[in-house]
Amino acid sequence: MRKHSLLITGGTVIFPEQNKAEKLNIAISDGKIAAMGVCTPDAVCVIDADGLYISPGFIDSHIHDEEADGGEGIEKALLRQGVTTAIAGNCGCGPLAENILPFRQNPWLNLGYLTGHTKLREAAGVTDIYAAAGEKEIEQMKLLLDKELEGGSFGVSIGLEYLPNTSLQEIEALLEVVARFENRWVPIHIRKDGPKAVDAVDEVLDLAEKWPVRIQLSHLGSMAGFGQLGKVLEHIENAKSKGADVTFDCYPYSAFCTHLGSAVFDPGFEERWGKGLESLEIASGPYRGKRLSEEDLYNRLRKEDPETFIVAHVIKQDEVELCLSHPDCAVASDGALLEGHGHPRAAGTFPRAIRMLVDKGVSWPEAIRKCTSLPANMNWLGKGVIKEGADADLVIFDGDRLKDNATFADDLLPPDGIEWVIIGGIPAVRGKEILGGAKGRLLSRRLHSFCDYCYPMHDINCC
Ligand SMILES: [Zn+2]
């Protein structure tokens, strides 16, 4: 029998779906898990994982890679924290296929894309973010979305807070197109955060009850973490009991981050959040680290540099923890960088969320499930588990040392405790160092349905 390419010995393997962990060796061949057991078959390389956990690679279903560097910065930050697969193009920002393919052929992690509603609108000629699209433009968007989904897009993302006057008719037109396809996802950044988040969630839940599509409530903690979370979770459970296919995610921080020029910062935000300009920190550009209350920076930057990233320290920590602890809540980073900087979630989300959950008494397999099989299942990815034949995307980590290090001041510091990250059977990170070149693949929903990710059975047995 030929040698395996990699053997990982002595680690405690986490099985998120079975809520158990077991000491087993893992043999890898051809990018897949070839065998698991207690013996030690021949392999070209061996990793000693004694004393460490072995988890499926983390799956981040909400990232942004709109940064002009081709996504390299954000992908590397995510990779160092153990993310092996990510879904980009959220909150309406996802590019059209013609803008993905030339630039994203060799990602640092496995990368799927959503088509952005905002980009569909722009292509249909609606560039005013406060405008409602007309009949003709909606028809054009439908045709375009159909083409994108046909081409392998993972679904359509919608950022209602950024396009506040989007009509229900416009959203439903998109859902009608999505419903023609199998396994496509509709993540929605709801219309309002703060006190109106309950109504904004209800708007989406009504759509999920009406249309046969899976809708994701994106970064729910940052939308409803102002005292509305308990109610919102109740409404979600209620809608699900009536058959709505709804999923949601959260990142483990009490601050969000977005562009200053967006409608999020239109007058009235202080009342919504019960916090003023001193809670808003500049996260990109020459004023990074300053608060918006200084030097009339709110007015100046909103006019002169509306792209500027603002970190808003306005969310209630206990609400974030309530959201994250819900068994249906996936961990997702919402990671984004601008000119190489942003919110520490890009580099710290997964270790921080796992640590938070485990410290609250959640079991390791359950905490890991929220970072792996749960988000994988949300997206029909066929990843996020460890079993023979599964893709060998793995994280090997030290449970005692696992801890995020990124802060608002030093936003890209890699976490402690992530010892190895393996993509498709090849080590991609050792310690905090990225090894060699990019090892990810550009994922397409079409490929997924037919061949590439369908877990072919292997005939290699170990024990
Ligand atoms: Zn968003």
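Above this note sits the structure.
Procedures and definitions
Residues numbered from 1 in each chain as written. Predicted model: local features only at pLDDT ≥ 70, side-chain atom pairs only at ≥ 80, totals over all residues. Helix = DSSP H or I, 4+ residues; strand = E, 2+ residues; numbered from the N terminus. Expected span 1.5 Å × (residues − 1). Buried ≥ 20, exposed ≤ 12 C-beta atoms within 10 Å, placed from the backbone. Arc of directions from axis to C-beta. Contact = placed C-beta atoms within 7 Å. Core = buried A, V, L, I, M, F, W, Y, C linked by C-beta atoms within 7 Å. Domains from an automatic or database assignment.

Right, let's talk about helix α4 (residues 135-150) for a bit. Two residues of an α-helix separated by three or four positions point the same way, owing to the 3.6 residues in each turn. Its 16 residues place the ends of α4 23 Å apart at the C-alpha level, agreeing with the 22 Å of an ideal helix rising 1.5 Å per residue. Looking only at α4, the buried set comprises I138, M141, L145, E148 and L149. Seen end-on, α4 carries its buried residues on one side only, within an arc spanning 90°. With respect to the buried face of α4, the exposed residues turned more than 90 degrees away are K136 and L143. Elements that come into contact with the buried residues of α4 comprise α2 (97-100), β11 (115-116), α3 (117-123), β12 (156-159) and α5 (168-178). Of the residues one or two after α4, G152 is the one with positive phi, at around 115°.

Counting residues in each nonpolar core, the largest one holds 140 residues, and the members touching the most others are I54, I310 and I396. It is helix α6 (residues 197-210) that provides the largest number of residues to this core, a total of seven residues. Of the residues that make up this core, three or more belong to each of domain 1 (4-55 + 384-450) and domain 2 (58-349). Each residue touching I396, except ones within four places of it in the same chain, is listed here: I8, G11, I47, A49, L52, I54, E419 and W420.

To continue, consider the environment of L260. With respect to the helices and strands, L260 occurs in the loop between β16 (256-259) and α9 (269-273). For L260, a count of 23 C-beta atoms within 10 Å gives the class buried. Residues L260 and V186, 74 residues apart in the sequence, show an inter-C-alpha distance of 25 Å. Among all residues touching L260, those that are not within four sequence positions of it are F265, L301, R302, P306, T308 and I310.

By themselves, these observations are geometric and do not establish any function.
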